[in-house]
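A closer look at the structure
Letter by letter, the chains look like this.
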Amino acid sequence: MDAILAEVYSTVLPAAPYVLAAYIGILLVIAAFVALLWRKSKRTEADIDALERALESREQQEE
């Protein structure tokens, strides 16, 4: 093996678990954020549907 490559590998390889852990951590945070947004989106959609139903029933009562 080339001496330069050996030096690069000896510098990079010990840090590999930390880099992998950082990527996994970032992916978990992004996944949690997307799940939170999806949940809030579903709740907002249900609220809009409830408001539409209330508006329709109010319009029918006025007739």
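Please read all numbers here as calculations on a predicted model, not as lab measurements.

Moving on, we come to the overall build of the protein chain. Scanning the protein chain from terminus to terminus reveals two helices and zero strands. Projected onto the principal axes, the alpha-carbon positions of the protein chain cover approximately 90 × 15 × 10 Å. For the protein chain, the distance from the average site of its 6 positive side-chain charges to the average site of its 10 negative ones is 9 Å.

On the surface, I4, L5, V8, Y9, V12 and L13 cluster together into a nonpolar patch covering about 570 Å² of accessible area. Locating L13 in the fold gives a position in the loop between α1 (3-12) and α2 (16-62). Since its relative accessible area comes to 55%, L13 is described here as exposed.

Attention shifts here to a negative patch on the surface. Together, E45, D47, D49, E52, E56, E59, E62 and E63 line one region of the surface with negative charge. Within the secondary structure, E59 sits in helix α2.

In this fold, R43 is placed in helix α2. Owing to a relative accessible area of 46%, R43 belongs among the partly exposed residues under this scheme. Separated by 18 residues in the primary sequence, R43 and G25 place their C-alpha atoms 27 Å from one another.

The rules behind these values
- Numbers given to residues run from 1 along each chain, matching the order in which its sequence is written.
- Residues qualify for local features only when their pLDDT is at least 70, as the model is predicted, and side-chain atom pairs are given and counted only at 80 or more; totals for whole chains, interfaces and linings, by contrast, use all residues.
- Excluding hydrogens and water, the side-chain figures rest on all heavy atoms present in the structure.
- Counting from the N terminus, the helices are the DSSP runs of H or I reaching at least four residues and the strands are the DSSP runs of E reaching at least two.
- His is not counted, nor are the chain ends; Lys and Arg add positive charge and Asp and Glu add negative charge.
- Where a charge sits is defined by one atom per residue type, namely NZ (Lys), CZ (Arg), CG (Asp) or CD (Glu).
- The patches described consist of residues with a relative accessible area above 30% and no salt bridge, like charges being joined within 9 Å and nonpolar side chains (Val, Leu, Ile, Met, Phe, Trp, Tyr) within 5 Å.
- Here the accessible surface of atoms and residues is derived via Shrake-Rupley with a 1.4 Å probe, and residues count as covered only by protein chains that are part of the display.
- A pairing counts as a salt bridge when a side-chain nitrogen of Lys or Arg comes within 4 Å of a carboxyl oxygen of Asp or Glu.
- For every residue, the accessible area (1.4 Å probe, protein chains only) is compared with the maximum for its type, and the residue is labelled buried under 20%, exposed over 50%, or partly exposed between those bounds.

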